[in-house]
Amino acid sequence: MIMPTYVKMPPITIDKEGKYPLIHAFAADKEGVYQDHIEEEDSRSLKGCLGVLEENGVFFRSESLDTPQKTIQFSRITKFAHLKRRGKGRPFRCTCCQMGIIDREADLIMNQHLHIVKLNKGHADPVPFAHLFLPTETLYYTPLRERVFSTSLHDLELISQQVSHEGLVTYAYWLSEEYQRIIPSFNYSATEEYELEKRLNDYIHQARSGVLKSVKSDIVSTLQKMDELMAVIQGKPISDTENQQLLELEKQLIYTREELKRYMENIIKQLYNVQVAIEKIAVTHPELEQLYYSTLILKSMILQWDRPFSNWSQKSLVHSIMDQQLGVITLFNSYRNDNRSLFSFAVRYALLSLYNEETKSDWVEIVINWYEYARRLHRHHLDNGKYPPQDHRLKLVHQLRELILQVFLSIRKEGYVVEGKQANIEFLILLPVFAMSTSGETIQILEIDTQTYEVVDFKENAQDILQKLSH
């Protein structure tokens, strides 16, 4: 299904009493993108809300969930969206994907993670909410290795990686529900079909094992103890005893999450086994296509998140398809309520606008091999200038990047946080090489390395280029 890019949507009221903000269904027409910013003085209310409610994708962006009130508000918004666009017959699944800079926003990231953990405890359904942390630098920045001591770099990498472990295990659980749903409906009449049934059951057992649940329970318990201790010491000098207690709890959390990672490694192995088993009978069982793509994408997603400070653009695309496959409602946010989450929002909107039954297999192939396709497109532009490629998949990549820029320019906030001279290549690789200026002139906005075909930087000053393109 193609999202209605050129149709205005009516506003959606979260509740009849007006306690919660309005969110417009996101839509673009020739005049731009429509949104409803809530800028109340009450700091307990979510601000900068923006949403898409379509069958092909339900997702939002806002500021961080830094208070219990905002977290509950997010919960109400997602439940409303689920009933509005998903229906009672489909499982309720939500993810909060948080953008952040770990060396400066660690406390905020951990705080939001704890709010999501508490949110899950209040629900009878298993793991309805997941939290993923996506380390995200600004458009120009100073590399992390130059901002912190080398001895701290490993610790920051470990924290950035570990904070998403529970969220990734939640995705594994959600996929096990999809596996379980298809097992009874599948006609097993041959050896290879029985092999698939065995592989699916092996995966389900791994994703729902009692030991795995116990490890997750230990993590939640440790987080709660840390939260209780922080509440006691808040606003007063911390004693040596309290500091030692906090250090011990942090060590316990790191150790327990490393246990969780070992289970994730086993989950990856089971996903590979399912992938191979489906491939053996795929020709005679086209009904397994949806399950096959979900298997491939989740495997890629878990592997990508194991490298926290790299491949931001690929992670964003893989995550977009995974959420679409599983019907996950997503919230993008960042502490500064800035262009980082808006850019992620634009990426999700652009990809799902082009993602449909006819292009699904192409997009799975593209996002799994994202950087290779990007280099091929760059080579095409170096050889042919602004003209779009003839190759079907390269044309899709070309269309994606043009649409990301169009949407982002329509919704971005003014100004950028510039913290250094290094360009964020992961942002640039999602932009087109050529674009139309407001004066109708085609300009080259990216500089491409003629040897490697990789993005180097903006062709000229970033602010000047964006000004030429802004409406």
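Quick caveat: nothing in here was measured; it's all calculated off a predicted structure.

### Details of the overall build of the chain
- Broken down by element type, the chain carries 16 helices and 15 strands.
- Burial analysis of the chain (471 residues in total) assigns 57% to the buried set.
- For the chain, the share of sequence-separated contacts (at least 6 apart) that also reach a separation of at least 24 residues comes to 74%.
- Of the roughly 21,200 Å² of accessible surface on the chain, 50% is carried by carbon and sulfur atoms.

### A closer look at the sheet that holds strand E10 (residues 329-334)
- An order of E5-E6-E10-E7-E8 is seen for the five strands of this open sheet, with the pairing classed as mixed. The strands lining the two open edges of the sheet, one partner per strand, are strand E5 (50-54) and strand E8 (129-135). Averaged over all pairs of adjacent strands, the angle between their axes in this sheet comes to 20°, without regard to strand direction.
- Pairing of strand E7 (residues 94-100) with E8, which is carried by seven bridges, proceeds in the parallel orientation. Among the inter-strand pairings, Met-99 is bridged to a residue of E8, identified as Leu-134.
- Contacts from helix H2 (residues 102-121) reach E7, E8 and E10, with the element oriented near 170° to E8.

### A short note on unusual backbone geometry
- Phi is positive for Asn-311, which is not a glycine, with a value near 60°.
- The topology assignment puts Asn-311 in the loop between helix H9 (289-305) and helix H10 (312-326).
- A relative accessible area of 18% places Asn-311 in the buried class.
- With a phi angle near 65°, Tyr-453 is a residue other than glycine that sits in the positive phi range.

### Re the packing of aromatic side chains
- Tallying each qualifying case throughout the model produces 10 aromatic pairs.
- Ring geometry for Tyr-171 versus Trp-174: centroids 5.0 Å apart, planes at 65°, classification edge-to-face. Note that Tyr-171 and Trp-174 are positioned in helix H5 (residues 165-182) at a spacing of three residues, about one turn of the helix.
- The class for Tyr-171 is buried, based on a relative accessible area of 0%.
- On the basis of relative accessibility, which here comes to 1%, the residue Trp-174 falls in the buried class.
- When the centroid spacing of 5.2 Å and the interplanar angle of 80° are considered together, the rings of Phe-343 and Phe-408 count as edge-to-face. Highlighted residues: Phe-343 in helix H11 (residues 339-354) and Phe-408 in helix H14 (residues 392-411), separated in sequence by 65 residues.

### Looking at helix H16 (residues 462-469)
- If you check which residues of H16 are buried, you get Ala-462, Ile-465, Leu-466 and Leu-469. Across the axial projection of H16, the buried residues extend over an arc of 95°, all falling on one side.
- Of the surrounding secondary structure, the elements contacted by the buried residues of H16 are strand E9 (140-141), H14, strand E12 (434-436), strand E13 (442-444) and strand E15 (455-458).

### Regarding the pairing of E7
- In terms of residue burial, E7 counts as a mostly covered element, since seven of its seven residues are buried.
- Residues Cys-94, Cys-96, Gln-98 and Gly-100 of E7 are buried on one face, and the alternating residues Thr-95, Cys-97 and Met-99, pointing to the opposite face, are buried as well.
- Of the strand pairs in this sheet, E7 and E10 are connected by six bridges, and their pairing is parallel. Bridge assignment links Thr-95 to a residue of E10, and that residue is Thr-330.

### Some thoughts on the packing of H2 against helix H4 (residues 150-162)
- Where H2 meets H4, the axes come as close as 11 Å, and the angle between the chain directions of the two elements is 35°. As H2 packs across H4, the resulting crossing turns out to be left-handed. Across from Ile-102, Asp-103 and Met-110 in H2, the residues of H4 making contact are Leu-156, Ile-159 and Ser-160.
- Grouping the amino acids of the contact of H2 with H4 by side-chain chemistry returns four nonpolar, one polar and one charged.

### Re the side chain of Arg-340
- In this structure, Arg-340 sits in helix H11.
- In this structure the side chain of Arg-340 is engaged in a polar contact, spanning 3.4 Å, whose partner is the side chain of Glu-105.
- Looking at Arg-340, its side chain comes within polar contact range of the main-chain oxygen of Thr-136, at 3.4 Å.
- With sequence-adjacent residues up to four places away left out, Arg-340 is seen in contact with Met-99, Gly-100, Ile-101, Glu-105, Thr-136, Glu-137, Thr-138, Ser-334 and Tyr-335.

### Some remarks on the nonpolar core
- Judged by nonpolar contacts, the single largest core of 116 residues is most densely connected at Tyr-171 and Tyr-203.
- With 13 residues, the single largest contributor to this core is helix H8 (residues 240-281).
- Membership of the second largest hydrophobic core comes to 17 residues, among which are Leu-65, Phe-74, Ala-81 and Phe-92.

Thresholds applied
- Each chain carries its own residue numbering, running from 1 in the direction its sequence is written.
- With the structure being a predicted model, the display of local features is reserved for residues of pLDDT at least 70 and the display and counting of side-chain atom pairs for 80 or more, all residues being used for whole-chain, interface and lining totals.
- Excluding hydrogens and water, the side-chain values take into account all heavy atoms of the structure.
- Secondary structure elements are taken from DSSP: a helix is a run of H or I of four residues or more, a strand is a run of E of two residues or more, and numbering for both begins at the N terminus.
- Only protein chains enter the accessibility calculation, which uses a 1.4 Å probe; a residue whose area is less than 20% of its type maximum is buried, one above 50% is exposed, and one in between is partly exposed.
- In what follows, a contact means two residues having at least one pair of non-hydrogen atoms within 4.5 Å.
- Using the Shrake-Rupley algorithm and a 1.4 Å probe, accessible areas are obtained, with residue cover drawn only from the displayed protein chains.
- Strand pairing follows a simple DSSP-based rule, namely that at least 2 bridges must link the two strands.
- A fitted line through C-alpha atoms serves as each axis, taken over the contacting stretch for helices, and the angle formed by two N-to-C directions is quoted from 0 to 180°.
- When two rings of Phe, Tyr or Trp (its six-membered ring) have centres within 6.5 Å they constitute a pair, described as stacked for plane angles under 30 degrees, edge-to-face for angles over 60, and tilted for the intermediate range.
- What the arc measures is the spread of directions leading from the helix axis to the C-beta atoms.
- Crossing handedness: left-handed means the near helix sits turned counterclockwise from the far one by under a right angle, and right-handed means the same turn made clockwise.
- Gly counts as polar in this scheme, as do all residues outside two lists: the nonpolar Ala, Val, Leu, Ile, Met, Phe, Trp, Tyr, Cys and Pro, and the charged Asp, Glu, Lys and Arg.
- In protein, a polar contact means a hydrogen-donor-capable atom and an acceptor-capable atom, both N or O and within 3.5 Å, with residues adjacent in sequence counting only if both atoms are side-chain atoms; elsewhere, any N or O pair within 3.5 Å suffices.
- Take the buried Ala, Val, Leu, Ile, Met, Phe, Trp, Tyr and Cys residues and link them wherever side-chain atoms come within 4.5 Å; each set so joined is a nonpolar core.

On their own, these measurements won't tell you what the molecule is for.
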